[in-house]
Amino acid sequence: MTLTEKPEMTWGFSLPNNNELERRRIDDASVEITGYAGQRLSIEIPASVDGKAVIAIGESAFEENDLEEIGLPDSIKSIKRNGFYNCKRLNFAGLPDGLESIEYGAFMNCAALKSIELPESLKSIGTLAFAQTAISDVYIPSNIMEIGAGAFAVRNVVGLEKFTVSQDNPLFEAVDGVLYKRGDERELVAFPSGRKDASFSIPDGTRVISEYAFAHCLKLKELSVPDSVRLIKENAFFNCGVTEITVSSDCEVENPGKELVIQKRTT
């Protein structure tokens, strides 16, 4: 199928013209979109170009574009690094069934993006993928096995209010809206930045606090850290309202930053 044909559209947006889509050949059967030279604010990427399947949004393909709405076809398997970075007017992105990976910073700084529906096919979300968006809640589907640091480090007026996770996901879970990674090294992955709680007690049994776990949690002022926590990763409290914590004497803290005071419990 070529762009001169008229395939059934999934989202109802207009298809770009053939000369508006920049693309790169991956192999004899597939291409990735590497840029968009059109002026329309609502578009749908076609499933094929020049008779080849469109399987990816390339690195920085739509970076700093003025697009407001975009629909992606089911042929898309990945959105690569910074694919939609700093698209400040983007308020809707239709993610397709079949999408498997969203890479580093793919939607970072998309300040108008208030919601996103992650498909069940998705397996990985990269570091800072949705940082600095306006997303208020996140549902983690069953097949996601990797969530990068600060993937949902949201800073806005409302803030991210809660996480929910599919009961069929074997690796991640949400407890009272907070995202954790299961296992012997149970990890607090992300605390919702929009929570209004001024205090929070990390559940006993938690072993690790992830990078950017409490990023932009400005309303949070007091945090109780149990002795089970053995590692606090770098930037865990980036731009956070918590200024002092007390941890066990053998807890390793990676680069807490100048604004966070770490007290060690004496035994």
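Owing to the predicted nature of the structure, the values given are computational and were not obtained by experimental measurement.

Scoring rules and cut-offs
- Residues numbered from 1 in each chain as written.
- Predicted model: local features only at pLDDT ≥ 70, side-chain atom pairs only at ≥ 80, totals over all residues.
- Heavy atoms only, no water.
- Core = buried A, V, L, I, M, F, W, Y, C linked by side-chain atoms within 4.5 Å.
- Buried < 20%, exposed > 50% of the residue type's maximum accessible area, 1.4 Å probe, protein only.
- Helix = DSSP H or I, 4+ residues; strand = E, 2+ residues; numbered from the N terminus.
- Contact = heavy atoms within 4.5 Å.
- Pairing = 2+ DSSP bridges.
- Patch = residues over 30% accessible without salt bridge, like charges linked within 9 Å, V, L, I, M, F, W, Y side chains within 5 Å.
- Areas by Shrake-Rupley, 256 points an atom, 1.4 Å probe, with all protein chains shown as cover.
- Salt bridge = Lys/Arg side-chain N within 4 Å of Asp/Glu carboxyl O.
- Lys, Arg positive; Asp, Glu negative; His and termini not counted.
- Charge placed at Lys NZ, Arg CZ, Asp CG, Glu CD.
- 1 Å grid on protein atoms, 1.4 Å probe; cavity = no way out; pocket = protein on both sides within 12 Å on 5 of 7 lines; lining within 4 Å.
- Points joined across faces, edges and corners; volume = space filled by probe spheres on them.
- Nonpolar A, V, L, I, M, F, W, Y, C, P; charged D, E, K, R; others polar.

Considering the nonpolar core
Reasoning step 1: One finds F62, F84, F107, L118, F130 and F152 to be the most contacted residues of the largest nonpolar core, which totals 48 residues.
Reasoning step 2: Every element with two or more residues in this core is listed here: β2 (30–36), β5 (52–57), β11 (137–140), β13 (162–165) and β16 (187–190).
Reasoning step 3: Sorting elements by how many residues they give to this core places β2 first, with three residues.
Reasoning step 4: In contact with F152, not counting residues within four places along its chain, are L118, I125, F130, V138, I140, I147, L160 and F163.
Reasoning step 5: One finds V178, I202, A213 and C251 within the second-largest nonpolar core, a separate group that totals 23 residues.

Brief notes about the pairing of β5
Note on strand geometry: in a regular strand, side chains alternate between the two faces of the sheet.
Reasoning step 1: Two strands pair when backbone bridges link them, and β2 and β5 are joined in this way by four bridges, in the parallel orientation. Looking at the pairing, V31 lines up with V54 of β5.
Reasoning step 2: The pairing of strand β4 (residues 48–49) with β5 spans two bridges and is classified as antiparallel. Of the residues in β5, the one forming a bridge with V49 is K52.
Reasoning step 3: Pairing between β5 and strand β7 (residues 78–79): two bridges, direction parallel. Considered in β7, the bridge of I57 is made with I79.

Quick look at a negative patch on the surface
Reasoning step 1: Negative charge collects at one region of the surface, where E59, E63, E64 and E103 lie side by side.
Reasoning step 2: Mapped onto the secondary structure, E64 falls in the loop between β5 and β6 (69–71).

What to know about the layout of surface pockets
Reasoning step 1: Roughly 270 Å³ of internal volume is contained in the largest pocket.
Reasoning step 2: What lines the largest pocket is a set of 25 residues, and nearest its centre among them are I147, G148, A149, V189 and S210.
Reasoning step 3: Counting residues per element, the ones that place at least two in the lining of the largest pocket are β12 (146–147) and β16.
Reasoning step 4: With three residues, the single largest contributor to the lining of the largest pocket is β16.
Reasoning step 5: Class assignment for the residues of the lining of the largest pocket results in 16 nonpolar, four polar and five charged.

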